[in-house]
Structures are given as structure tokens and as C-alpha cells.
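# Chains, contacts and geometry: an overview
Given next are the chains, with one letter for each unit.
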Amino acid sequence: MFTSLDETAEKLAAAGYLPSREIATAVFLADRLEKPILVEGPAGVGKTELAHAFARASGRALVRLQCYEGLDESKALYEWEYAKQLLYTQLLKDRIGATVEGAGSLADAAERIAGEGNVFFSERFLVARPVLKALTSEVPALLLVDEIDKADPEFEAFLLEVLSDWAVTVPEIGTIRARQVPRVVLTSNAARDLSDALKRRCLHLHVDFPTRERELAIVRARVPDASEALARAVVAAVAKLRTLDLRKPPSISETLDWIRALAILNADRLDPALLDDTLSLVLKYEADVARARERKGEILAAAQVG
Ligand SMILES: Nc1ncnc2c1ncn2[C@@H]1O[C@H](COP(=O)(O)OP(=O)(O)O)[C@@H](O)[C@H]1O
Ligand SMILES: [Mg+2]
């Protein structure tokens, strides 16, 4: 467990993630309270990366569940390994034959097989999926439930149950309890509203675009090859772009892509030609690119001041 807020911030930074005070506080409290943390915010602001860094910083094994429409318990929790069950019945054919030998009727034979049925529905044939894996992990684990807003509301309800009980019931086997409570990070791009019950259960953290200082620090840490002047110019230009009411404002991912591209082109500042040639790396919609071109002067001015 983290022992202080400062230690949490330092360890996240050492794990490659530069947290704001608010982010470090949420992680520290989630760790101490053993509560899941629900991270909401636009795409590309570092939600998934935060979970990875939290795991590295706390020495936990990361178990990831990527959500999508139609995700169900068999993909999230456990599945019976049908092929292996079938193989075993083949290999044990003689033993099974012996079991039913001398059975008076079909019903009697079925009864005898049923008596042995739990052999095939035991942990040997259970395939643990991420949620069960995180609960039963031998080493301390962190479960990342990525993009929970893409899963169906029914799945959310099911997950809520697991997160309250830290246990899973497999009808054929019984209740499997967590060896140790895993840390849990859920992320959402807010594609749909999540239930109040889920929000109540979690510490809520809203992550937005970073401040200029923090984005500059992230860029410097991630792309050390780029000069400080170029990094400043790009961060300032991106900040300007975010004020333009675009369909998809650039996120940290785009800032990093842009600066990496400019560094490869040996740029040490942003000039009109470079802006023209690389704008479409940063903006993903034609209309956004057109809008930014109209405001080119302002963007370059912002970049110059840095
Ligand atoms: N605070 C941060 N420190 C370091 N890198 C960051 C930070 N925030 C975001 N990044 C980087 O930004 C990019 C996008 O982050 P990601 O976690 O994929 O975003 P999201 O999950 O919110 O869509 C990644 O390359 C990540 O490493
Ligand atoms: Mg993500």
C-alpha cells in the first residue's frame, strides 16, 4: 500500500505517469480504502495509462478486461472448457463404460453418470476470465475494466455484484472468494451514462486535458529527443487548438504524435509550412483541419510565445 500522497505521486511518476495532485489523491485513496476507482474523461487523456502506472507503481499484476457491446459473463468471469471436457470423456470411455455396466434401464445409467458429473464440472475444466483471474491471482493484482461504457448495462449490474462481494458463485462448484482484494480501475469515455449504483461504489475521478505545465512535462518525459523549444511550441499550439470548438479536440495522444513527427522532421519550431503539412496528424476530421487552417495565424502566434 502507498503510505502517503507524496509517495503515490512519486511512484506514479517513476512508473512513467505524471499525475496532477487530484489524480494522485484519487489513486492514493483508492489504494488505502480498497475501493474501485472510476476514471471518466475524453479519449486520449491517459485513463488507460493511469491503470497501467498504478499497477507498476504498486507492484501489482495488471489484469485487463476490455469492454465491448455484448460482453458477457462467460468472457469476463469464467467458461467451461468444453473441448477438454469432451477429450476427457473420450479418454475415460472405459471407466465410464464400467460405471454404467449392469444398469437396468437408461434412467438408471443416466443416474449413475449424473453421480459422477461433478468430475467434469470442477476447477480442472474451468477457464478463468479476467475478473475471476484478478480475484484468484496468487500475486496482488489490479483489474482494469477498460471502457465500461461500451458494455451493456446488464453487464455493469453483474460487475457491481462482484465488486461488492469480492466473490463469484459458480453453481456447479460453489462460491469462489477473492484471495486478496484486487485494486480496480474502471475507465469510461462517457459514451453512455453509468448507473448511480456503480458510481456510488467507486471513487470518481474526472480526467480532462492537462494544464500546459503538466502536458509539457509529459511531452518532455515521453519524447526526450525533441528540444524544449519545440515541445513548448507544440503544447501551446495544441492548447490553442482546444479552444477552437472542434469536433474532436486534440488529446495528449495527438500532442505526442505531433511532436514525435516534428522531431523526426528535425523541426526546432513550428512554421507555417510545417503546420500545413502536419495538421492532419493532430486533427482527425476534415472539417476540423479546415477550421484550424482559417485560424493559422493565431495558432502560430500562440506557438511562438510558447
Ligand atoms: N499523465 C501522463 N503521464 C504520461 N503519459 C501520459 C499521461 N497521460 C497520458 N499519457 C499518454 O497519453 C497517451 C494516451 O493515453 P491513454 O491512456 O491511451 O488515454 P485514454 O485511455 O484516456 O484514451 C498514452 O501514450 C499515454 O502514455
Ligand atoms: Mg483508453
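Because the structure is predicted, anything quoted here is derived from the model rather than measured. (Residues numbered from 1 in each chain as written. Chains lettered and ligands numbered in written order. Predicted model: local features only at pLDDT ≥ 70, side-chain atom pairs only at ≥ 80, totals over all residues. Heavy atoms only, no water.)

What follows covers the site of ligand 1. Looking at ligand 1, there are 17 residues lining it, with L18, G44, K47, E49 and R222 nearest. A distance of 2.6 Å separates an oxygen atom of ligand 1 from a polar atom in the backbone of G44. Within the backbone of G46, an N or O atom sits 3.0 Å from an oxygen atom of ligand 1. In isolation ligand 1 has 570 Å² of accessible area, and contact with the protein removes 84% of it. Of all the secondary structure elements, the ones that give two or more residues to the shell around ligand 1 are α3 (47-57), α11 (212-222) and α13 (252-264). Among the residues making up the shell around ligand 1, the classes are represented as eight nonpolar, five polar and four charged. Each of domain 1 (5-76 + 129-206) and domain 3 (212-300) contributes no fewer than three residues to the shell around ligand 1. (Near = heavy atom within 4 Å. Polar contact = N/O pair within 3.5 Å; in protein donor to acceptor, adjacent residues only side chain to side chain. Areas by Shrake-Rupley, 256 points an atom, 1.4 Å probe, with all protein chains shown as cover. Helix = DSSP H or I, 4+ residues; strand = E, 2+ residues; numbered from the N terminus. Nonpolar A, V, L, I, M, F, W, Y, C, P; charged D, E, K, R; others polar. Domains from an automatic or database assignment.)

All right, on to the pairing of strand β6 (residues 167-170) then. Relative to strand β7 (residues 174-177), β6 runs antiparallel, the two sharing four bridges. When the sheet's bridge partners are listed, V168 is paired in β7 with I176. Where β6 folds back on β7, the antiparallel hairpin that results is connected by three residues. (Pairing = 2+ DSSP bridges.)

The residues that UniProt annotates with the feature "domain: AAA+ ATPase" (unreviewed entry) are residues 33-211. Note that residues 33-211 is 40% helix and 22% strand, and that its end C-alpha atoms are spaced 28 Å apart. (UniProt positions renumbered as here; feature names shortened; annotations may be inferred.)

The next subject is the pairing of strand β5 (residues 141-146). Within β5, six of the six residues are buried, which leaves it mostly tucked inside the rest of the structure. Burial of the side chains of β5 extends over both faces: A141, L143 and V145 are buried on one face and L142, L144 and D146 on the other. With four bridges connecting them, β5 and strand β8 (residues 183-188) associate as parallel partners. Across the sheet, residue L144 finds its bridge partner in β8, namely V185. (Buried < 20%, exposed > 50% of the residue type's maximum accessible area, 1.4 Å probe, protein only.)

Here the focus is the packing of aromatic side chains. Applying the stated criterion across every chain, the model contains six aromatic pairs. Centroid distance Y88 to F125: 4.9 Å. Interplanar angle 90°. Geometry classified as edge-to-face. Pair noted here: Y88 is in helix α5 (residues 82-91) and F125 is in the loop between α7 (106-116) and β4 (126-128), with a separation of 37 residues, a long-range link. The class of Y88 is partly exposed, set by a relative accessible area of 28%. When the ring of F120 is compared with that of F125, the centres are 5.9 Å apart and the planes differ by 35°; the resulting orientation is tilted. You'll find F120 and F125 in the same group, each marked buried. Of note, R247 hangs over the ring of Y285, and the distance from its end group to the ring centre comes to 3.8 Å. (Phe/Tyr/Trp six-rings, centres within 6.5 Å; stacked < 30°, edge-to-face > 60°. Lys NZ or Arg CZ within 6 Å of the ring centre and 35° of its normal.)

Okay, unusual backbone geometry next. One non-glycine residue, E34, lies in the positive phi region at around 55°. Tracing the chain through its elements places E34 in the loop between α2 (21-33) and β1 (37-40). Within the chain, E147 stands out as a residue other than glycine whose phi angle is a positive 60°. With respect to the element layout, E147 can be found in the loop between β5 and α9 (153-165).

Here we take up the pattern of salt bridges. Two side chains carrying opposite charge are able to pair once their charged atoms lie near each other. Applying the stated criterion across every chain, the model contains 22 salt bridges. Residue E138 pairs with R179 through a salt bridge whose shortest N-O separation is 3.7 Å. Remark: R179 occurs in the loop between β7 and β8 and E138 occurs in the loop between α8 (130-136) and β5; sequence separation between them is 41 residues. With respect to class, E138 is no different from R179; both count as exposed. Two residues, E298 and K240, come together in a salt bridge whose shortest N-O distance is 3.5 Å. (Salt bridge = Lys/Arg side-chain N within 4 Å of Asp/Glu carboxyl O.)

The subject of this paragraph is the environment of C202. One can find C202 in the loop between α10 (196-201) and β9 (203-206). Given a relative accessible area of 6%, C202 falls into the buried group. For the pair C202 and L160, spaced 42 residues apart in the sequence, the C-alpha separation amounts to 9.8 Å. The contacts of C202, once residues within four sequence positions are left out, are P36, L38 and L186. (Contact = heavy atoms within 4.5 Å.)

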